[in-house]
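# Structural description and commentary
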Amino acid sequence: MIYAKIFALSESLAFAVVHWHAWALFVLTPVCFILSWWLVKKYAPFARGSGIPQVMASIELAAPKKNHLVKYFLSLRIIVVKIIASLVMVIGGGAIGREGPTIQIAGSVFRKINELLPAWWPKISKRNMIMSGAAAGLAAAFNTPLGGIVFAVEELTKTHISYFKTAIFTAVIIAGLTAQGLAGGYLYLGYPKVDDVSFFIFFPVVAVGVIAGLGGSYMSLMMIRILDWKDRFKTNKQHLLYLLACSLVIASIAFFVSERVIGSGKEIMTTTLFTDDKGSPWYLPLIRTAGPILSFTTGAPGGVFAPGLSAGASVGSVFAGWFDYSPSNTNLLILAGMAAFLTGITRSPFTSAILVLEMTERNNLIFHLLLAGMVASIVARAVDTHSLYDHLKHRYLHDADMLDKKEKVQTHTE
């Protein structure tokens, strides 16, 4: 929760700069993007990006023969670099979220605790400890305990919950109680009005699910293709030029089009859900998709959960504006867009629906959100059978294995 509060302050600082003198972004954004990238490259290369694929890779490696590779993904150094570099990134206007980094940070904390347990303490599986930390991190980030549990089952492990239910439940309960103790019994988004939705709204929900699901899947595909292209970079000069280009594009969009391209996008979600002006300009989904692509592919730390939710909210808002739906129906389509876009990224429809449900406590919408998530999952798999996190997990596994071999050769030579 401390990280969450500092992240929010950093994000508000970026918007303050825009309101003060928007032209300052043309200086601030490049400096922060380059500094954040340099911190990661210099001190913790595997702190880049979201953090969720690193946790997934750690869970896969948490076995006797490969457990020594987990140190690359989860460590105290990762925690420090992830926090500092992500804060620098968001101050500079990066369109990133804190949820992915929180999951990697929590996984690192739980791994270190497991290492420090005394010999007389009951043995706990390394894999279960990492999974529990990740679930607890998500639960604390959004104050969504059920979302944390479903996330662990659907995204991280894809195994039966009976193997680790005690550890997961304990971690989520402790994390949730701690978060509520520090921040109170809060909802991430609040209580949007959805008390008189139309019965026939299921048809627009399907349409929004298709559009947002395709948006999330194509955003992920674009990120992977850019990262594949960047793998061919041979010098730091090429990386710096790419960073400069991305930062200047984001600064230009913020200056000439809309400041809403920067930050996590939480302001977009709250504005569209809780104000009378629910309509959004047609280009908002485009810039809320472009911002995370430009930010995430720099190699700096930052998650895509909140940016994905905000992009989905903008899809639902624009769609509802086209057909002039009532406020309640519009709010439903905004929430459906959030669940669908996140599903397009993660391929985890139940996690996405449960997260949105818990963030708003609109329990009467469970079937609408599940429908949006399932539709999004179907269309997303037509674009790419693997999620963004699956692609990145395999990249990290390969990079860790190559780094380990390189270190062994250096040790043998010395």
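Higher on the page you've got the structure.
In this text the structure is predicted, and so the values were computed from the model without any measurement.

Before going further, it helps to examine the overall build of the chain. Secondary structure assignment for the chain yields 17 helices and zero strands. Counting only C-alpha atoms, the chain reaches 70 × 50 × 40 Å along its principal axes. In the chain, of all internal contacts separated by at least 6 residues, the share reaching a separation of at least 24 is 82%. The average position of the 35 basic charges and that of the 24 acidic charges among the side chains of the chain differ by 10 Å.

Counted by the stated rule, this structure contains one cavity of 30 Å³ or more. Of the voids in this model, the largest cavity is the one considered here, and its volume is about 30 Å³. In terms of lining residues, the largest cavity is bounded by Ser217, Ser220, Leu221, Ile224, Arg347, Asp384, His386, Ser387, Leu388 and His391. Listing elements by their share of the lining of the largest cavity, those giving two or more residues are α9 (202-230) and α17 (388-413). With four residues, α9 is the single largest residue contributor to the lining of the largest cavity. Taken together, the residues that form the lining of the largest cavity break down as three nonpolar, five polar and two charged.

What follows deals with the packing of aromatic side chains. Considering all chains together, one arrives at 19 aromatic pairs under this definition. A ring pair is formed by Phe199 and Phe202, whose centres lie 6.3 Å apart and whose planes are at 75°; its orientation type is edge-to-face. What makes Phe202 partly exposed here is its relative accessible area of 29%. Note on Trp282 and Tyr283: the rings are 5.7 Å apart at their centroids and 85° apart in plane angle, and the pair reads as edge-to-face. For Trp282, a relative accessible area of 61% translates into the label exposed. Judged by its relative accessible area of 25%, Tyr283 falls in the partly exposed class. One aromatic cluster is present, formed by Phe46, Tyr72, Phe73 and Tyr396 through successive ring pairs.

As a further point, take the pattern of salt bridges. Oppositely charged side chains can form a pair if their charged atoms are brought close together. Applying the stated criterion to the full structure yields eight salt bridges. Between Lys393 and Glu60 there is a salt bridge; the shortest N-O distance is 3.0 Å. One end of the pair, Lys393, is in helix α17; the other, Glu60, is in helix α3 (residues 52-61), with 333 residues separating them in the sequence. A residue is classified by how much of its surface remains accessible, and Lys393, at 13% relative accessible area, is buried.

This part is about unusual backbone geometry. We note that Asp324 has phi near 55°; this positive angle belongs to a residue other than glycine. The topology assignment puts Asp324 in the loop between α13 (305-323) and α14 (327-346). You can call Asp324 exposed: its relative accessible area is 69%. A positive phi angle is found at Arg347, which is not glycine, with a value near 60°. Examined against the element boundaries, Arg347 turns out to sit in the loop between α14 and α15 (349-360).

With respect to the helices and strands, the residue Ser58 is situated in helix α3. The exposure class assigned to Ser58 is buried, which follows from its relative accessible area of 0%. With residues near it in sequence (within four places) discarded, Ser58 still touches Val70, Phe73, Leu74 and Ile130.

The next subject is the state of the cysteines. Following the criterion strictly, the structure yields zero disulfides and no others. Just so you know, Cys32 is unpaired, no disulfide at all, and the nearest cysteine sulfur is the one on Cys246, 15 Å from it. Exposure remark for Cys32: the relative accessible area of 8% places this residue in the buried category. Residue Cys246 is classed as buried on the basis of its relative accessible area, which comes to 3%.

We now examine the layout of surface pockets. The calculated volume of the largest pocket comes to roughly 980 Å³. If you trace the largest pocket, you find 27 residues lining it, with Lys41, Arg48, Asp231, His239 and Asp399 closest to the centre. Listed by contribution, the elements that provide at least two residues to the lining of the largest pocket are α2 (25-43), α9, α10 (236-256) and α17. Ranked by residues supplied to the lining of the largest pocket, first place goes to α17 with eight residues.

Along its 19 residues, α13 runs 28 Å from first to last C-alpha, staying within 8% of the 27 Å computed at 1.5 Å per residue. Phi turns positive, to about 55°, at Asp324, one or two residues after α13.

A separate point is helix α11 (residues 266-274). Every buried residue of α11 is listed here: Ile268, Met269, Thr272 and Leu273. Seen from one end, α11 has its buried residues packed into an arc of 115°, which puts them on one side. Of the surrounding elements, those touching the buried residues of α11 are α12 (284-296), α13 and α14.

Moving on, we come to the nonpolar core. Phe305, Met338 and Met359 are the most contacted members of the largest nonpolar core, which has 115 residues in total. The element that contributes the greatest number of residues to this core is α14, accounting for 11 residues.

Here we come to the side chain of Asn329. When you line up the elements, Asn329 lands in helix α14. Taking relative accessible area as the criterion, Asn329 reaches 8% and is therefore assigned buried. A polar side-chain atom of Asn329 sits 3.2 Å from a polar atom in the side chain of Ser326. Ignoring any residue separated from it by four or fewer positions in sequence, one finds Asn329 in contact with Asp196, Val197, Ser198 and Ile201.

What counts, and at which threshold
- Residues numbered from 1 in each chain as written.
- Predicted model: local features only at pLDDT ≥ 70, side-chain atom pairs only at ≥ 80, totals over all residues.
- Heavy atoms only, no water.
- Helix = DSSP H or I, 4+ residues; strand = E, 2+ residues; numbered from the N terminus.
- Contact = heavy atoms within 4.5 Å.
- Lys, Arg positive; Asp, Glu negative; His and termini not counted.
- Charge placed at Lys NZ, Arg CZ, Asp CG, Glu CD.
- 1 Å grid on protein atoms, 1.4 Å probe; cavity = no way out; pocket = protein on both sides within 12 Å on 5 of 7 lines; lining within 4 Å.
- Points joined across faces, edges and corners; volume = space filled by probe spheres on them.
- Nonpolar A, V, L, I, M, F, W, Y, C, P; charged D, E, K, R; others polar.
- Phe/Tyr/Trp six-rings, centres within 6.5 Å; stacked < 30°, edge-to-face > 60°.
- Buried < 20%, exposed > 50% of the residue type's maximum accessible area, 1.4 Å probe, protein only.
- Salt bridge = Lys/Arg side-chain N within 4 Å of Asp/Glu carboxyl O.
- Disulfide = S-S within 2.5 Å.
- Expected span 1.5 Å × (residues − 1).
- Arc of directions from axis to C-beta.
- Core = buried A, V, L, I, M, F, W, Y, C linked by side-chain atoms within 4.5 Å.
- Polar contact = N/O pair within 3.5 Å; in protein donor to acceptor, adjacent residues only side chain to side chain.

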